[in-house]
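Residues per chain are reported as follows:
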Amino acid sequence: MLAAVLLFSGCMMEKPTVKNYRRVSAMPELTPVTVEQLRQLIAADTTHYKVVVLTSPCCGYCVLSMRDVYPQKMAECDTSLVRWYFVVESYSTAQYADELYRTYHIDSPRYWIDDTLPQYRPLMVKNMWTVVWNVIRHYGQSYEESGFDVADNRLNNIVNAIAPQSQIITSVDGIPTTLLLDHHGRMKCTYIIAEDGTATFGPTDIRDITVPVTELEFSKVDTISFLPKVCTPEGCF
């Protein structure tokens, strides 16, 4: 058991501890911002299309997008028209961000969310042993069930604050998440219909678009459906 605990704590890259928070806060390569500061920063830019990337250097899909998606999408548009903002969503992984950006030649403003408001608060504990002990003791339970103080629906809360919509964003349950906004501040959104028929509303993922950001119809809400279709000789419905 002791060997397993040591292995687990050594391999766990996310470090939601006070010590790591202080380490990230001292990094000159990254700029800490509150959610409100990030909203103001984006809203103040009325001359560019904006792509806001909520990401983490310890997320596999985020790393793949850094390598395979963002450089291609950035090359599609004139940099004088589109401005990119890369935002690490939590301090617990931000210490690895600069190395990732340099590896894939991402040269854009770099931020990390540093916000203590209850709706945006990330997981933070005194040390990693607390995390390890709770995972072992409460195996299979959520952070909240394990006794950690962490915001409910944190990513949805962040997106709703950064780019307020007439309809509440409900689909953001992981990263990477991209927010595509035009120079008027309108965000491109999509309805996502799951296989069970339930629908969520959220920001359009840049991995789902087939045209440059500047050519999107920001006044139109797209729909992606995962409902099974019935196919006949007349077609699929």
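Note that the structure is a prediction, hence the values are computed from the model and not measured.

Criteria and thresholds
- Residues numbered from 1 in each chain as written.
- Predicted model: local features only at pLDDT ≥ 70, side-chain atom pairs only at ≥ 80, totals over all residues.
- Heavy atoms only, no water.
- Pairing = 2+ DSSP bridges.
- Helix = DSSP H or I, 4+ residues; strand = E, 2+ residues; numbered from the N terminus.
- Axes fitted to C-alpha atoms, helices over the stretch in contact; angles between N-to-C directions.
- Contact = heavy atoms within 4.5 Å.
- Left-handed = near helix turned anticlockwise from the far one by under 90°.
- Core = buried A, V, L, I, M, F, W, Y, C linked by side-chain atoms within 4.5 Å.
- Buried < 20%, exposed > 50% of the residue type's maximum accessible area, 1.4 Å probe, protein only.

Chemist: What should I look at first to understand the sheet that holds strand E3 (residues 82-88) in this one?
Modeler: The strands making up a sheet are joined through hydrogen bonds of the backbone, oriented either antiparallel or parallel. Read across the sheet, five strands follow the order E1-E4-E3-E2-E5 without closing on themselves; strand pairing throughout is mixed. Strands with a single pairing partner mark the edges of an open sheet, and in this sheet they are strand E1 (31-33) and strand E5 (177-181). Direction aside, the axes of adjacent strands within the sheet are offset by 30° on average. Here seven bridges tie strand E2 (residues 49-55) to E3, and the two strands are oriented parallel to one another. Among the inter-strand pairings, Thr55 is bridged to a residue of E3, identified as Val88. Against the sheet, helix H3 (residues 35-44) contacts E1, E2, E3 and strand E4 (110-113), and its axis sits at roughly 105° relative to E1.

Chemist: How do you make sense of the packing of H3 against helix H9 (residues 154-162) when you look at a structure like this?
Modeler: When two helices pack together, their arrangement is captured by the angle between the axes and the distance separating the axes. Direction vectors running N to C along H3 and H9 enclose 35°, while the axes themselves pass 9 Å from each other. Of the two possible hands of crossing, H3 and H9 adopt the one that is right-handed. Along its contact with H3, which presents Val35, Leu38, Arg39 and Ile42, the element H9 presents Ile158, Ala161 and Ile162.

Chemist: Just checking my understanding: could you explain the nonpolar core for this structure?
Modeler: Generally speaking, nonpolar side chains in soluble globular proteins are found buried as a group. With 28 residues, the main nonpolar core has Val51, Tyr70, Trp84, Phe86, Tyr101 and Ile206 as its most contacted residues. Contributing elements (two or more residues each) for this core: E2, helix H5 (70-76), E3, helix H6 (91-94) and helix H7 (97-103). Per-element tally for this core: the top contributor is E3, with four residues. Those residues in contact with Trp84 that lie beyond four places of it in its chain are Val51, Val53, Tyr70, Lys73, Met74, Ser108, Pro109 and Ile206. Grouped together as the second largest cluster of nonpolar side chains are 24 residues, Leu54, Tyr111, Tyr120 and Leu179 included.

Chemist: Is there a simple way to think about the sheet that holds strand E8 (residues 222-225) in this case?
Modeler: With mixed pairing, three strands are arranged side by side in an open sheet as E7-E6-E8. The open sheet has two edge strands with one neighbour each: strand E7 (199-203) and E8. Neighbour-to-neighbour, the strand axes of the sheet open up by a mean angle of 25°, direction not taken into account. As defined by bridge partners, strand E6 (residues 189-193) adjoins E8 across four bridges and the pair is classed as parallel. Paired with Ile193 across the bridge in E8 is Ser225.

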